[in-house]
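# Tertiary structure, described
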Amino acid sequence: MSTPDDSAHLDGADDASEAKDPERAPIRDLLVSAAFELFTEHGYESTTVDDIVRRAGVGRRSFFRQFPTKEAVVFPDHDRALAELIAYMEDGPRDADPVGRACDAALLVLRMYAENADFSARRYALTRSVPALRKHETTVVRSYERALAAYLERCFATLPDGGLRAHVIAAGIVAAHNYGLRAWLRSGARGDAAPGVREALDLVRGTWSGTGESVVVVARTGAPMWQVMQRLETALKDTP
C-alpha cells in the first residue's frame, strides 16, 4: 500500500502528464475502475485514496477534483442522474399530472443503473457490506427525495396541505423506485429492471395522481342520469 513518499510524488508532476495521452480513458473512469479493482483485491477499508490514484496513474489532486471523498467514488454517476431528474421536472412545472411526471423522473435514475448493470450489481454488493457506504447511499437517496419534494411543493402550492402532500408523495416515489430496483439488484441485475420499478411506481401514481380535490354534485333523488352527468360536467369545467 502507499507510503507518504508515494503521496508526495502523486500529488505533483504527474497531474500535468495526465492529459497528454489521447488514448487514455477519462480520469473519472480510470479512478472508478482502479477503486473497484482495489476494493475487490484488498477490501474497501484497507484501500486508501493514495492506493487508488497510484493504480489509476493519476495524481491526488485529480482524485479530489472528481470526488470529494473515497465514498463518493463508489457513486460516480449520481450527480448526473440527479441533474437529469431535476431538469426533467423543471420542463413540466404546469404538468396536469405532476405525480406522474415525478414518477417518470425517477425512471431516469433507473436508467442510470441499467446502463451499466454489472457495475450496479457490484456496487450493490459492496454497499451492503460496508457501513460507511450505506450511510453515504442514504445521503444520495435523500438528495433525490428532496428534489422530488421541491418540485411537488411548487405544483401543490395552492393546496392547503401542499407541503405535506409533496413530501409524502416524494418519499413514496423513492420507496417504490428503490423497492423495484433492489429486487433487480438482488437478482444480480439480470433481465430488465424497468417492469418491476414501473409496477411499484404505478402504485404511487394510482394513489396520488391528480390534485386530490373532490368535486361534489348535489342532485335530487331520482334525478335522471343525463342530468347528473350534465351537472358533473359543469362542475368540472368550473374547477380551477
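Residues numbered from 1 in each chain as written. Predicted model: local features only at pLDDT ≥ 70, side-chain atom pairs only at ≥ 80, totals over all residues. Heavy atoms only, no water.

### Describing the nonpolar core
- Counting 42 residues, the largest nonpolar core has Leu85, Met89, Tyr144, Leu148, Leu152, Ile173 and Leu201 as its most contacted members.
- Every element with two or more residues in this core is listed here: α6 (78-90), α7 (98-115), α8 (117-129), α9 (131-155), α10 (162-186) and α11 (194-208).
- No other element matches the ten residues that α7 contributes to this core.
- If we ignore the near neighbours within four places in the chain, the residues touching Leu85 are Ala105, Ala106, Leu108, Val109, Tyr144, Ala147 and Leu148.
- If you look at the next biggest cluster of nonpolar residues, it comprises 23 residues, including Leu31, Phe36, Val58 and Val130. (Core = buried A, V, L, I, M, F, W, Y, C linked by side-chain atoms within 4.5 Å. Buried < 20%, exposed > 50% of the residue type's maximum accessible area, 1.4 Å probe, protein only. Helix = DSSP H or I, 4+ residues; strand = E, 2+ residues; numbered from the N terminus. Contact = heavy atoms within 4.5 Å.)

### With respect to the confidence of the model for the protein chain
- Chain-level statistics for the protein chain give a pLDDT mean of 84 and a share of 76% at 70 or above.
- Considering each helix and strand of the protein chain separately, the mean pLDDT is smallest for helix α1 (residues 4-10), with a value of 39, and largest for helix α4 (residues 49-56), with 97.
- Low confidence marks residues 1-19, where pLDDT is under 50. Its contacts with residues over four positions away, or in another chain, come to 35 contacts.
- Low pLDDT, under 50, characterises residues 211-216; the predicted model gives this stretch nine contacts beyond four residues in sequence or across chains. (pLDDT = per-residue confidence, 0-100.)

### Examining the packing of α6 against α7
- Interaxial distance between α6 and α7 falls to 9 Å at its minimum, and their mutual angle equals 155 degrees. By the angle between their directions, the pair α6 and α7 is classed as roughly antiparallel. Every pair of crossing elements has a handedness; the one defined by α6 and α7 is right-handed. The residues of α7 that touch α6, namely those facing His78, Arg80, Ala81, Glu84, Leu85, Tyr88 and Met89, are Arg101, Ala102, Asp104, Ala105, Ala106, Leu108, Val109, Arg111, Met112, Tyr113 and Glu115.
- Per-class residue counts for the contact of α6 with α7 are eleven nonpolar, one polar and six charged. (Axes fitted to C-alpha atoms, helices over the stretch in contact; angles between N-to-C directions. Parallel < 35°, antiparallel > 145°, perpendicular 65-115°, else oblique. Left-handed = near helix turned anticlockwise from the far one by under 90°. Nonpolar A, V, L, I, M, F, W, Y, C, P; charged D, E, K, R; others polar.)

### Thoughts on α6
- For α6, with 13 residues, the first-to-last C-alpha span of 18 Å sits near the 18 Å given by 1.5 Å per residue.
- Taken together, the buried positions of α6 are occupied by His78, Ala81, Leu82, Leu85 and Met89. An end-on view of α6 places all buried positions within 100 degrees of arc, on one side of the element. Of the residues in α6, the exposed ones pointing more than 90 degrees away from the buried face are Asp79 and Glu90. (Expected span 1.5 Å × (residues − 1). Arc of directions from axis to C-beta.)

### As for the side chain of Glu137
- For Glu137, the position within the fold is in helix α9.
- Judged by its relative accessible area of 13%, Glu137 is buried.
- Apart from the residues within four sequence positions on either side, Glu137 is in contact with Phe75, Thr127, Arg128 and Arg182.

### Quick notes on the packing of aromatic side chains
- Inspection of the entire model under this criterion finds five aromatic pairs.
- Grouping aromatic residues by their ring pairs yields a cluster made of Phe36, Phe39, Tyr44 and Phe119.
- A cation over a ring is seen here: Lys70 above Tyr44, with NZ or CZ 4.1 Å from the ring centre.
- The aromatic ring of Tyr88 is capped on one face by Arg101, whose charged end is 4.2 Å from the ring centroid. (Phe/Tyr/Trp six-rings, centres within 6.5 Å; stacked < 30°, edge-to-face > 60°. Lys NZ or Arg CZ within 6 Å of the ring centre and 35° of its normal.)

### Focus: helix α3 (residues 27-42)
- Over its 16 residues, α3 extends 22 Å from the first C-alpha to the last, a length consistent with the 22 Å expected when each residue adds 1.5 Å.
- When we look at burial in α3, the residues that qualify are Leu31, Val32, Ala34, Ala35, Phe36, Leu38 and Phe39.
- Directly after α3, the chain includes Gly43, whose backbone phi takes a positive value near 95 degrees.

### What to know about the packing of α7 against α10
- Orientation of α7 relative to α10, taken along the N-to-C sense of each, is 30 degrees, at an axis distance of 10 Å. Looking at the two axes, α7 sits roughly parallel to α10. Considering how the two elements wind past one another, α7 and α10 form a crossing that is right-handed. Across from Val99, Ala102, Cys103, Ala106, Val109, Leu110, Tyr113 and Ala114 in α7, the residues of α10 making contact are Ile169, Ile173, His177, Leu181 and Trp184.
- Each residue belonging to the contact of α7 with α10 can be placed in one class, and the counts come to twelve nonpolar, one polar and no charged.

### Details of the pattern of salt bridges
- On inspection of all chains with the given rule, the structure shows twelve salt bridges.
- Close ionic contact of Arg128 with Glu137 constitutes a salt bridge, the shortest N to O distance being 2.4 Å.
- Several salt bridges converge on common partners, so that one network encompasses Arg80, Glu84, Arg111 and Glu115. (Salt bridge = Lys/Arg side-chain N within 4 Å of Asp/Glu carboxyl O.)

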